[in-house]
Amino acid sequence: MAETVLETSGLTMRFGGVTASDNVNFKLKARELRCLIGPNGAGKSTFFKCVTGLLTPTEGHVYMRGQEVTGWQPHQIASLGVGIKTQTPNVMDALSVHENIWLAARRFYNVVEARERADSIIDRLALGTIARTQLGQLAHGERQRVELGIVAVADPWLVLLDEPAAGMSAQDVDRMTEIIHELTRFAAVVIVEHDMQFIRSIAQTVTVFHQGAVLMEDNVERVMSDPQVRAVYLGKKA
Amino acid sequence: MGRSVLHDVIITLVVSALLIWLLPLMISTYTLTVLVIYGMLGLSLGLIWGFGGILCFGQAAFFGLGAYTYAIAAINIGESTLPMILAVLVPAVFAALLGAMMFYGRLADVYLGVITLVVTLILFKFVNSTAGPQYVIGNARLGGFNGIPGFQTLNVPGDPTAYIWGDPYFYVCAVALVIVFLLVTWLLRSSFGRIAVGIRENEVRMGLMGYDVATRKTVLFAIGAAIAGLAGALFANWGEIVTPNLFSLGQSAEIIIWCIVGGLGTRFGPIVGAAGLAYLKFMLGQQSMIDNTLVLGLILVLFVLFLPRGLVPAVASLLNSIFGGTKRKPKPRRMRRARHG
Ligand SMILES: Nc1ncnc2c1ncn2[C@@H]1O[C@H](COP(=O)(O)OP(=O)(O)OP(=O)(O)O)[C@@H](O)[C@H]1O
Ligand SMILES: [Mg+2]
């Protein structure tokens, strides 16, 4: 049986009176691909932030590969080999595409190897023609792709992507799907997404968040056809 | 990569050799020495602010600390070598402690400014109030607002009677600046420097990549303080007296203005800004028609309005547009619409 790489127990985050994350018990196996869905404000990003150390949960625990990481700083969690993309774009606008990705690789590899890895992922993401361009000059979809490169370049074993496809063209999404599939050969991947078609195209298991709590967790087709899910999520979206 | 480093070093050496040779023909070495020292002080802030994104309102504190450390150590020790080393180490350690407190505490930039400002003020007030005979460190009386005069000035290492002063002292300071400049160049080209720039651009992202932002900022902050401390020690030797004015907020503000006028994010800009403005101030000091703080303020306003990136970047892009064709042809860039276009 595959090892559990990410687990939360009783994870709760309150902002004043708002319970943004409500007693979430979550388990992810090695090389599993999981989608998180839920209406706006369901607490998906808050859950992500608690897992990545950007927020310290009010209650509950986070474990990675069996080690308790509750309350760790983001850099400590990332150092374990976790690739993270936040919902809002988080890149270095004044630096080139290559420099952005090289910096991500340099954390885990020496100068030469970092350059080789950066070059290779830039190729795979078809960013070659703009490798020396500053990120601030790029279109949104390209920036998203660069951020995917930042996340993937150092061969993480756990990848957390908060809305990676937002604002991407169909072609970009296809390329990203490919990269994500490649990642799952070695890494477990969690993706927050709204795009149903995209989710169908990549996910097997989907976890549905609603008002901070896990509403349901099941096979993608069963989730999509569940009346309760349709009511809270799909109904609202239409 | 290797070739362009060599290229950089050679250009730096040739340009500095020319300047060190030509400038004394126009300006007295006594004045030039202090311009060089200010250049180093400007570079110290230019490094941490321009490349590390750390805006320190108290760079003068490290400058003053370096100067006082030198003076006190020189009185107690006599020979100048160890005092020079201490003058670099003491501000660096002080900055490391202060930086650790600020960066591990994850203070927002505004508070960072406030804290560095307050620390400078406290040092200034404290040193000012040490006029009494009870304030001594070893044989050195702190002297309060009178400062500390009469300490051993720079000597040839190992020979306390062979003082280095006058023209030779200018050359020592100039060479020291060139060495510091080359070290800063090397630092910025190293992984440490590139990571520092990444942190300047986006701390959160660098944290999410696994970089320990607080530690790296603390180290950079301490390096900046070490350079400022060296400048302070050189200044003490030049003036042959140290006074609390070294710690003054006015001095701190001036360093910030040097960086803005010269050009942040360049290595050369803060040096040019420092030397240029200090020379201007020196010239204005020789007349009494216009107040020199007024002129300095006016220059700052004009730069912020018309050359917000500073002198050096402006000149560089001008030269680039004139001679751009002869240099390596930039690859045709795909032009992009707006950021989120
Ligand atoms: N820092 C904060 N302070 C106060 N309330 C917050 C904070 N962050 C999130 N919330 C609240 O927590 C709830 C969950 O927000 P969260 O961003 O996790 O939702 P989400 O599922 O990611 O939504 P979306 O699909 O819009 O990204 C929302 O009601 C939000 O207003
Ligand atoms: Mg969200």
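Every chain's residues receive numbers from 1 upward, in the order its sequence appears when written. The naming scheme follows written order: chains are lettered A onward, ligands numbered 1 onward. Where totals are concerned, whole chains, interfaces and linings use all residues; where local detail is concerned, this predicted model gives features only for residues with pLDDT of at least 70, and gives and counts side-chain atom pairs only at 80 or more. Only hydrogens and water are removed before side-chain values are computed, so all heavy atoms of the structure are retained for them.

Q: Residue-level account of the coordination of the magnesium ion (ligand 2), with values.
A: All names here are of chain A. Protein-derived ligands of the magnesium ion (ligand 2) are Ser45 (OG) and Gln87 (OE1), with the metal-ligand distances lying across 1.9 to 2.0 Å. Of this pair, serine 45 sits in helix H1 (residues 44–52) while glutamine 87 is found in the loop between strand S6 (82–85) and helix H3 (97–106), placing the two residues 42 residues apart along the sequence. The buried category is assigned to serine 45, whose relative accessible area is 15%. Here a donor is an N, O or S atom found within 2.8 Å of the metal, or within 3.2 Å if the metal is Na, K or Ca; sites may look incomplete because water is not among the atoms. Strands are runs of DSSP state E lasting at least two residues, helices are runs of H or I lasting at least four, and both sets are numbered from the N terminus onward. Any residue under 20% of the maximum accessible area for its type is buried, any over 50% is exposed, and the rest in between are partly exposed; the area is computed with a 1.4 Å probe on protein chains only.

Q: How would you sum up H3 of chain A? Please name residues and give values.
A: In terms of residue burial, H3 of chain A counts as a mostly covered element, since nine of its 10 residues are buried. Here a residue-residue contact requires only that any non-hydrogen atoms of the pair lie within 4.5 Å. Each element contacted by the buried residues of H3 of chain A is listed here: helix H4 (111–124) and helix H5 (140–152) of chain A together with helix H7 (191–201) and helix H8 (203–208) of chain B.

Q: Describe the interface of chain B and chain A, with residues and values.
A: Every contact between the two is made by 24 residues of chain B and, on the other side, 38 residues of chain A. Whenever a carboxyl oxygen of Asp or Glu lies within 4 Å of a side-chain nitrogen of Lys or Arg, that contact is scored as a salt bridge. The interface formed by chain B and chain A holds two salt bridges in total. For arginine 194 of chain B, the salt bridge goes to glutamate 99 of chain A, with nearest N and O atoms at 2.9 Å. Between N or O atoms, a polar contact is any pair within 3.5 Å; within protein, one atom must be a potential hydrogen donor and the other a potential acceptor, and residues adjacent in sequence are included only when both atoms are from side chains. Here chain B and chain A share 13 residue pairs in polar contact (both at pLDDT 80 or more) between them. The set of elements that each furnish at least two residues to the side of chain B that touches chain A consists of H7 and H8 of chain B. At six residues, the largest contribution of residues to the side of chain B that touches chain A is made by H7 of chain B. Each residue belonging to the side of chain B that touches chain A can be placed in one class, and the counts come to eight nonpolar, six polar and 10 charged. Under the convention adopted here, Pro, Cys and the residues Ala, Val, Leu, Ile, Met, Phe, Trp and Tyr are nonpolar, Asp, Glu, Lys and Arg are charged, and Gly plus all remaining residues are polar.

Q: Tell me about a nonpolar patch on the surface, residues and numbers included.
A: Residue and element names in this part refer to chain B. Taken together, the side chains of Phe57, Leu107, Val110, Tyr111, Val114, Leu117, Val118, Leu121, Ile122 and Leu249 define a hydrophobic patch exposed on the protein surface, amounting to about 810 Å² of accessible area. If one sorts the elements of the nonpolar patch by residue count, helix H5 (residues 109–128) sits on top with seven residues. Its location among the elements puts phenylalanine 57 in the loop between helix H2 (29–51) and helix H3 (59–77). The patch calculation keeps residues exceeding 30% relative accessible area without a salt bridge and links them within 9 Å when they carry like charges or within 5 Å when they are nonpolar (Val, Leu, Ile, Met, Phe, Trp, Tyr). Per-residue and other accessible areas were derived by the Shrake-Rupley procedure at a 1.4 Å probe size, with only the shown protein chains allowed to occlude residues.

Q: Tell me what's going on with the confidence of the model for chain B, and back it up with residues and numbers.
A: Residues and elements named next belong to chain B. Scored by pLDDT, chain B has a mean of 91; 94% of the residues are at 70 or more. The least confident element of chain B is helix H12 (residues 292–306), whose mean pLDDT is 88; the most confident is helix H9 (residues 213–239), at 98. For every residue, the pLDDT score states the predictor's confidence, bounded by 0 at the bottom and 100 at the top. Contacts for the low-pLDDT stretch residues 326–341, under 50 throughout, to residues beyond four places or in other chains number 20 contacts.

Q: Describe the state of the cysteines, and please don't skip the residues or the numbers.
A: Residues and elements named next belong to chain B. Note on terminology: pairs of cysteine sulfur atoms within 2.5 Å are recorded as disulfides. According to the stated counting rule, one finds zero disulfides over all chains in the structure shown. The cysteine cysteine 173 is free of any disulfide, with cysteine 259 supplying the nearest cysteine sulfur at 19 Å. Taking relative accessible area as the criterion, cysteine 173 reaches 0% and is therefore assigned buried. You can see cysteine 259 has no disulfide; the closest cysteine sulfur is in cysteine 56, sitting 10 Å from it.

Q: Provide a residue-level description of the domain arrangement of chain A, including the pertinent values.
A: Residues and elements named next belong to chain A. When cut into domains, chain A gives domain 1 (1–81 + 157–165 + 183–238) and domain 2 (88–155). By convention here, the domain bounds are inherited from an automatic or database domain assignment. The C-alpha centroid of domain 2 is placed 25 Å from the C-alpha centroid of domain 1. At the interface, nine residues of domain 1 touch seven residues of domain 2. Interface area, domain 1 with domain 2, both sides summed: about 550 Å², of which 62% is carbon and sulfur. Note on terms: buried area is the combined drop in 1.4 Å-probe accessible area of two parts once they are placed together, counting the loss on both. When the buried surface of domain 1 facing domain 2 is broken down by residue, Ser79, Leu161 and Leu183 rank first, second and third, together holding 52% of it. If you look at where domain 1 meets domain 2, you find zero salt bridges. Run the count over domain 1 and domain 2 and you get two residue pairs in polar contact (both at pLDDT 80 or more). Grouping the amino acids of the side of domain 1 that touches domain 2 by side-chain chemistry returns seven nonpolar, one polar and one charged.

Q: Requested: an account of helix H6 (residues 170–183) of chain A, with residues and values cited.
A: All names here are of chain A. Helices are assigned an expected span. That span is 1.5 Å times one less than the residue count. With 14 residues, H6 extends 20 Å from end C-alpha to end C-alpha; this agrees with the ideal 20 Å at 1.5 Å per step. For H6, the complete set of buried residues consists of Asp172, Val173, Arg175, Met176, Thr177, Ile179, Ile180 and Leu183. Next to the buried residues of H6 lie strand S3 (33–37), H4, H5, strand S7 (158–162), strand S8 (188–192) and helix H7 (196–202).

Q: Describe the site of ligand 1, and please don't skip the residues or the numbers.
A: All names here are of chain A. In these notes, residues near a molecule or strand are those with any non-hydrogen atom within 4 Å of it. Surrounding ligand 1, one finds 13 residues, the nearest of these being Asn40, Gly41, Lys44, Ser45 and Thr46. A distance of 2.7 Å separates an oxygen atom of ligand 1 from a polar side-chain atom of serine 45. In this structure, an oxygen atom belonging to ligand 1 sits 2.6 Å away from a side-chain N or O atom of threonine 46. Burial of ligand 1 by the protein chains amounts to 63% of its free accessible area of 640 Å². A total of three residues in the shell around ligand 1 trace back to one element, the largest contributor, which is H1. Residue classes in the shell around ligand 1 are distributed as four nonpolar, seven polar and two charged.

Q: So, the pattern of salt bridges: which residues are in play, and what are the values?
A: If you walk through the whole model with that rule in mind, you get 17 salt bridges over all chains. Here arginine 222 of chain A makes a salt bridge to aspartate 218 of chain A, at a shortest N to O gap of 3.1 Å. According to the relative accessible area criterion, aspartate 218 of chain A is partly exposed, its value standing at 22%. The salt bridge partner of glutamate 254 of chain B is lysine 281 of chain B, with a shortest N-O separation of 2.6 Å. With glutamate 254 of chain B in helix H10 (residues 249–262) and lysine 281 of chain B in helix H11 (residues 268–285), this pair connects stretches of sequence that are 27 residues apart. Classification of glutamate 254 of chain B by relative accessible area gives buried; the value is 14%.

Q: Go over empty space enclosed by the protein with me, naming the residues and quoting the values.
A: All names here are of chain B. Cavity: a set of points on a 1 Å grid over the protein atoms alone where a 1.4 Å probe fits but cannot get out. Pocket: an open set with protein on both sides within 12 Å along at least five of seven lines, its lining residues, like those of a cavity, having an atom within 4 Å of a point. Grid points are joined across faces, edges and corners, and a volume is the space filled by probe spheres set on the points. Applying the stated criterion to the full structure yields one cavity of 30 Å³ or more. In this structure, the largest cavity encloses a volume near 40 Å³. Secondary-structure elements contributing two or more residues to the lining of the largest cavity are H7 and H9. Considering every element that reaches the lining of the largest cavity, the biggest residue donor is H9, with three residues. Here the residues of the lining of the largest cavity sort into four nonpolar, one polar and two charged.

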